Amino acid sequence: MELIVLNKRKDFIELYLSNVPLYIINSIRRIVISEVPSMAISTVIFTLNRSMFYDEYIAHRLGLVPLTSEPALSKYKPPEECSESEEASLFPPDCFVKLDLDASNNGEGLLTIYSKDLKSSDPEVKPVYDDIPILILGGGHKVKLEAYARLGRGREHYKWSPASAAVIKYIPEVFIDRSRCLPECRKCIEVCPRNVFKATDSGVEVSEAAIINCNLCHLCEKVCPSEAVMLKTRENEYILRIESTGSLSPKRILLESIKILEGKVSELSRKLEVQGVLK
Amino acid sequence: MIKLIFPIRCFTCGKPIGHLWEEFKSRVEKGENPGIVLDELGVKRYCCRRMFLSHVDIAYDVIKVSRKS
Ligand SMILES: [Zn+2]
């Protein structure tokens, strides 16, 4: 197995993996999307809403605000325990973070309420971005609400997913049959949306720097009059890209996903042992 | 009613985009090319780009006819 970090930014990571079967990377990818927990608002209690928006509309917008959840993962109870007490309208402090919003526009103009106006009961759980517009208040409008955030998983609602994109990309390889390639033909260059081909004196060549941008559209194959171009993907070599919403760092998302996958596999083997299958 | 204010996340992929709207709006109103502004804001996928390009701020019109307090 080979692993190279191709790209790493605050909210993005790109890994090159080889000699790893696709199903291993895919199970990590799917766990990143639907199993890694993060914080999001799940219940909103309105004490006053004299704005132009429905309660449901505001609650939905609040739920989509990403909250910083790195320290919260170890501090708060797991989602399964918390959703039970939420259904009973109980909000224990070891499960829930309370975020208050109390805003009124006493003037005549318009007032925009941003995510930074949410007052959190835990300074480690707060909106990732300070200037997300949540509502607009006209003259005399007033909103007072308390929102409760808890840990959750992406399979329950996408707002709890820490990654906005988790993608596996195949690595493309383009072969040009020199004996068939027509020297004056430039059709593959014209048609390629990612500029993978470049013109040379003897015909067409694949540009090494641009090949990774290929999106496997196969247009070059279809357009070639002499069937000289062949597009293939490499076996057991993949690129894994994870784009975070900001609630967890990409590094933490990967580590958590591997921990969860390990937990699932070891639980399965433990169950098998208990049932006596492994005897 | 769904797009009264600019959405907090992209409808398709879920990328948080709400915090970028005010910068996008003010820069485009100053005459910059929307495509270049989106590139600089790091909005790459076309699902997220259409959220910006197709948005109309209806809230500012609706708020004029909403009741006062
Ligand atoms: Zn998108």
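Reading guide: rules and limits
- All residue numbers here refer to positions counted from 1 along the written sequence of the relevant chain.
- Here every chain gets a letter starting at A, and every ligand a number starting at 1, in the order they are written.
- For this predicted model, a pLDDT threshold of at least 70 governs which residues receive local features, and a threshold of 80 or more governs which side-chain atom pairs are given and counted, while totals over whole chains, interfaces and linings are taken from all residues.
- Counting from the N terminus, the helices are DSSP H or I runs at least four residues long and the strands are E runs at least two residues long.
- Here the C-beta atoms are placed from the backbone, and a residue counts as buried if at least 20 other C-beta atoms lie within 10 Å of its own, exposed if 12 or fewer do, and partly exposed otherwise.
- Any residue pair is listed as a contact if its two C-beta atoms, each placed from the backbone, are within 7 Å.
- Under the grouping applied here, Gly and all other residues not named as nonpolar or charged are polar, the nonpolar ones being Ala, Val, Leu, Ile, Met, Phe, Trp, Tyr, Cys and Pro and the charged ones Asp, Glu, Lys and Arg.
- Any two strands are treated as partners once DSSP identifies two or more bridges connecting them.
- In this analysis, axes come from line fits to C-alpha atoms, helices being fitted only over the stretch in contact, and the angle between any two N-to-C directions falls in the range 0 to 180 degrees.
- The labels follow the angle: roughly parallel below 35 degrees, roughly antiparallel above 145, roughly perpendicular from 65 to 115, and oblique for the rest.
- As annotated, the domain borders come from an automatic or database domain assignment.
- Each residue after the first adds 1.5 Å to the expected span of a helix.

What follows covers the overall build of chain B. In terms of regular secondary structure, chain B is built from four helices and zero strands. In terms of its C-alpha atoms, chain B occupies a principal-axis envelope of roughly 40 × 30 × 15 Å. For chain B, with 69 residues in total, the buried portion stands at 29%.

Listed by partner, the interface residues are 22 residues for chain A and 18 residues for chain B. For the side of chain A that touches chain B, the elements supplying multiple residues, two or more each, are helix H2 (55–64), strand E7 (133–137) and strand E9 (163–176) of chain A. Taken together, the residues that form the side of chain A that touches chain B break down as 11 nonpolar, eight polar and three charged.

This paragraph deals with the sheet that holds strand E1 (residues 2–9) of chain A. Through backbone hydrogen bonds, the strands of a sheet pair up, either in parallel or in antiparallel fashion. All names here are of chain A. The antiparallel open sheet is built from four strands, whose spatial order is E1-E2-E12-E9. Edge positions in the open sheet fall to E1 and E9, since each of these has one partner strand only. Mean inter-strand twist for the sheet, computed between neighbouring axes without regard to direction, equals 25 degrees. Examined bridge by bridge, E9 and strand E12 (residues 229–244) share 12 bridges and lie antiparallel to one another. Across the sheet, residue Glu 173 finds its bridge partner in E12, namely Lys 232. Of the strands in this sheet, strand E2 (12–18), E9 and E12 are in contact with helix H1 (residues 22–34), which crosses E9 at around 150 degrees. Packed on one face of the sheet, helix H7 (residues 250–274) meets E2, E9 and E12 and runs near 100 degrees to E12.

Before going further, it helps to spend a moment on the sheet that holds strand E6 (residues 119–120) of chain A. Residue and element names in this part refer to chain A. With respect to topology, four strands assemble into an open sheet ordered E3-E8-E4-E6, the strand pairing being antiparallel. Pairing within the sheet leaves two strands with one partner each, and these edge strands are strand E3 (38–49) and E6. Alignment of E3 against strand E8 (residues 142–152), held across 10 bridges, turns out to be antiparallel. What sits directly across from Asn 49, in E8, is Val 143. The sheet contacts of H2 involve E3 and E8, and relative to E3 the element is tilted by about 155 degrees. This element, helix H4 (residues 79–87), spans E3 and E8 of the sheet and lies at about 140 degrees to E8.

On to the packing of H1 of chain A against H7 of chain A, then. All names here are of chain A. Packing of H1 against H7 brings their axes to within 9 Å, and their N-to-C directions diverge by 110 degrees. With respect to H7, the axis of H1 lies roughly perpendicular. Between H1, through Ser 27, Ile 28, Ile 31 and Val 32, and H7, the contact on the second element is made entirely by Ile 253, Ser 257, Ile 258, Ile 260 and Leu 261. Split into classes, the residues belonging to the contact of H1 with H7 amount to seven nonpolar, two polar and no charged.

The domains assigned to chain A are domain 1 (2–34 + 165–240) and domain 2 (38–160). Using only C-alpha atoms to locate each centre, domain 1 of chain A and domain 2 of chain A end up separated by 43 Å.

Here H1 of chain A spans 18 Å end to end across 13 residues, near enough to the 18 Å set by a 1.5 Å rise per residue. Within H1 of chain A the residues assigned to the buried category are Ile 28, Arg 29, Ile 31, Val 32 and Ile 33 of chain A.

All right, on to the environment of Ala 59 of chain A then. With respect to the helices and strands, the residue Ala 59 of chain A is situated in helix H2. C-alpha of Ala 59 of chain A to C-alpha of Glu 267 of chain A: the two residues are 208 residues apart in sequence and 37 Å apart in space.

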